[in-house]
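Report on the structure
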Amino acid sequence: MSYFQSIGNIQYEGKGSDNPLAFKHYNPSEIIMGKTMEEHMRFAVAYWHTFTGSGSDPFGEGTSSRTWDHSDAMDTAKARVEANFEFLDKLGLPYYCFHDRDIAPEGATLQETNRNLDVIVELLEQHMRTSGKKLLWNTANMFTNPRFVHGAGTTCNADVYAYAGAQLKKSLEIGKRLGAENYVFWGGREGYETLLNTDMAFELDNLARLFHMAIAYSKEIGFDAQFLIEPKPKEPSKHQYDFDAATTIAFLQKYGLHNHFKLNLEANHATLAGHTFEHEIRVAAINGMLGSLDANQGDLLLGWDTDEFPTDLYATTLTMYEVLKAGGLGKGGVNFDAKVRRGSFEDEDLFLAHIAGIDSYAWGLKAAAKLIEDRVLDGVVERRYRSFNEGIGADIAAGKATLHTLEQYALQNLPIRNESGRQERIKLILNEVIFSV
Ligand code: XUL
Ligand code: CO
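What you are looking at is a predicted structure, and each value in this text was computed from that prediction instead of being measured. (Residues numbered from 1 in each chain as written. Chains lettered and ligands numbered in written order. Predicted model: local features only at pLDDT ≥ 70, side-chain atom pairs only at ≥ 80, totals over all residues. Heavy atoms only, no water.)

1. Quick notes on the overall build of the protein chain
For the protein chain, the count of helices and strands is 16 helices and 14 strands. Taken along its principal axes, the extent of the C-alpha atoms in the protein chain is 80 × 60 × 45 Å. When each of the 437 residues of the protein chain is scored for burial, the buried share is 51%. Look at the contacts in the protein chain between residues 6 or more apart in sequence, and 77% of them connect residues 24 or more apart. Only carbon and sulfur atoms are counted for the fraction: they give 52% of the accessible area of the protein chain, which is about 20,900 Å². Within the protein chain, the 60 negative side-chain charges are centred at a point lying 5 Å from the centre of the 43 positive side-chain charges. (Helix = DSSP H or I, 4+ residues; strand = E, 2+ residues; numbered from the N terminus. Buried < 20%, exposed > 50% of the residue type's maximum accessible area, 1.4 Å probe, protein only. Contact = heavy atoms within 4.5 Å. Areas by Shrake-Rupley, 256 points an atom, 1.4 Å probe, with all protein chains shown as cover. Lys, Arg positive; Asp, Glu negative; His and termini not counted. Charge placed at Lys NZ, Arg CZ, Asp CG, Glu CD.)

This is the structure in structure tokens:
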């Protein structure tokens, strides 16, 4: 059974092509700075937006009806598996990602839920074997079901905490079975609404305990995925504990978890935190914590997580610049945590949206590589800090200066001369580079 019968394999046709169902920039085998585009990007399709999402929003029900929808939930789940692998194959993408509840419906009991998962995981495993497609990461959805109203790892209810632990255990087993390269923790309901009823210190201690249990169990079963935390400042909670990269790193360090985790950073979450995506990536990278990316974009006029497909070339260029400067994504990848707009309800839109995101990232990669190869920004930064290359500056950078030596130097009353940061000039050069590739 084919779910996308009218659509063939999406090929690279280059910049001159006017075929909407072709890549103009993403040429998987093209070498950029010593690696193929495919190796740099490690693109993944998000199961939840692409195969489970329906276009519903708080004001209305879904607008898309998919050919894989059936009246029986397990039939739909099985059909989604088929659709997923056909989609990955036609787009030529290597990876996908899912939450446990995206792939199989919950049953009346935890046993039944796990049995549903076993049936679908078996099917996924078969398809992965024959197609060679891989799982970039999986995760447990511990936020949709009403039982998680007060959180999962940070709940005030020990029974819910135990349920979350059981769900997490099963998810780690699934990750192991399907060879997930990473395992993500996004703290959907891990936050609070008001301090008036909240013991913040206790909730954070409990969350850390759950993470330590996950490390211990993964060791026990030989699951060697990279653990990732995905920061987000708000939504659904008013205050999410994993607010941003810096907050999350501080949490991991406090609880001795930093050697076991890296970060899965998401562009729209950075926007909600009042940061740029490149800021979040730089914070992670300089702390050795860059893991993987959830590629999307938010709307700057809306204060919520719109999860749009990334099309802003300035953002994708600066994102890929940070990734290249950090030495790449390692076991991570670029996962499209993005959904087609409610008005883009045709199956073909799923392809067009992914092509837009993929080409925008490929374009960004090419521009970022040019910025590095031409030493555009490196030159600027090196010149900017050159006063630290000799004399008192070199002493400071070497950690040799004291307040005594700084005072001695300042008392010479040498003229202090600052130089322009030249931001506007640099931004114009950035424009020129983006539109030259
Ligand atoms: C929610 C979000 C999640 C995580 C995985 O904003 O980004 O889908 O990526 O749970
Ligand atoms: Co995400």
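2. Some points on the UniProt feature "binding site: Mg(2+) 1" (unreviewed entry) in the protein chain
The UniProt record marks Glu230, Glu266, Asp294 and Asp337 with the feature "binding site: Mg(2+) 1" (unreviewed entry), using the residue numbering of this structure. In summary, the annotated positions, though distributed over 108 residues, converge in three dimensions, the widest C-alpha pair being only 11.8 Å. In the annotated group above, the largest pocket draws its lining from Glu230, Glu266, Asp294 and Asp337. Following the sequence through the fold, Glu230 ends up in the loop between β10 (226–229) and β11 (239–240). Along the chain, Asp294 falls in strand β13 (residues 290–294). Look past the residues within four positions of Asp294 in its chain and what remains in contact with it is Trp137, Glu230, Asn264, Leu265, Glu266, Ala267, Phe277, Asn335 and Asp337. (UniProt positions renumbered as here; feature names shortened; annotations may be inferred. 1 Å grid on protein atoms, 1.4 Å probe; cavity = no way out; pocket = protein on both sides within 12 Å on 5 of 7 lines; lining within 4 Å.)

3. Topic: the environment of Ser64
The topology assignment puts Ser64 in the loop between α2 (47–52) and α3 (73–91). Setting aside residues up to four positions removed in sequence, Ser64 forms contacts with Gly53, Ser54, Gly55 and Phe345.

4. Concerning empty space enclosed by the protein
This model, assessed by the stated rule, comprises one cavity of 30 Å³ or more. In this structure, the largest cavity encloses a volume near 160 Å³. Lining the largest cavity are 19 residues, with Met142, Phe185, Trp186, Gly187 and Glu190 sitting closest to its centre. The set of elements that each furnish at least two residues to the lining of the largest cavity consists of β8 (182–185) and α7 (200–221). When its residues are assigned to classes, the lining of the largest cavity shows 13 nonpolar, three polar and three charged. (Points joined across faces, edges and corners; volume = space filled by probe spheres on them. Nonpolar A, V, L, I, M, F, W, Y, C, P; charged D, E, K, R; others polar.)

5. What to know about the coordination of the cobalt ion (ligand 2)
In this structure, Glu230 (OE), Glu266 (OE), Asp294 (OD) and Asp337 (OD) serve as the protein donors to the cobalt ion (ligand 2), at separations of 1.9 to 2.1 Å. Around the cobalt ion (ligand 2), the six donor atoms sit at angles spanning 79 to 170°, and that spread fits a shape best called octahedral. Of note, the cobalt ion (ligand 2) draws all its donor residues from one chain, in the sequence arrangement E-x35-E-x27-D-x42-D. Of this pair, Glu230 sits in the loop between β10 and β11 while Asp294 sits in strand β13, and the two are 64 residues apart along the sequence. (Donors = N, O, S within 2.8 Å, 3.2 Å for Na, K, Ca; no water. Tetrahedral: all angles 85-135°; square planar, octahedral: opposite > 155°, others 65-115°.)

6. Some words on the pattern of salt bridges
Under the definition given, this model contains 19 salt bridges. A salt bridge links Glu173 to Lys169; the shortest N-O distance between them is 2.9 Å. Highlighted residues: Glu173 and Lys169, both in helix α6 (residues 158–178), separated by four residues, approximately one helical turn. You can call Lys169 partly exposed: its relative accessible area is 40%. Each of the salt bridges in this network shares a partner with another, and the network as a whole consists of Asp100, Arg101, Glu106 and Arg147. (Salt bridge = Lys/Arg side-chain N within 4 Å of Asp/Glu carboxyl O.)

7. Observations concerning the site of ligand 1
Lining the immediate surroundings of ligand 1 are Trp48, His99, Trp137, Trp186, Glu230, Lys232, Glu266, His269, Asp294, Asp305 and Asp337. Within the side chain of Asp294, an N or O atom sits 2.9 Å from an oxygen atom of ligand 1. For ligand 1, the accessible surface in isolation is 290 Å², of which the surrounding protein chains cover 93%. With respect to the detected pockets, ligand 1 is housed in the largest pocket. Partitioning the shell around ligand 1 into residue classes produces three nonpolar, two polar and six charged. (Near = heavy atom within 4 Å. Polar contact = N/O pair within 3.5 Å; in protein donor to acceptor, adjacent residues only side chain to side chain. Sits in = over half its atoms within 2 Å of the grid points.)

8. Some points on unusual backbone geometry
The amide bond that connects Glu235 to the next residue, Pro236, takes the cis arrangement and shows omega of 5°. With respect to the helices, strands and loops of the structure, Pro236 is situated in the loop between β10 and β11. Even without a glycine there, the phi angle at Glu235 is positive, about 75°. One non-glycine residue with positive phi stands out, namely Asn413, at about 55°. Within the secondary structure layout, Asn413 lies in the loop between α15 (403–410) and α16 (423–434). Classification of Asn413 as exposed rests on a relative accessible area of 65%.

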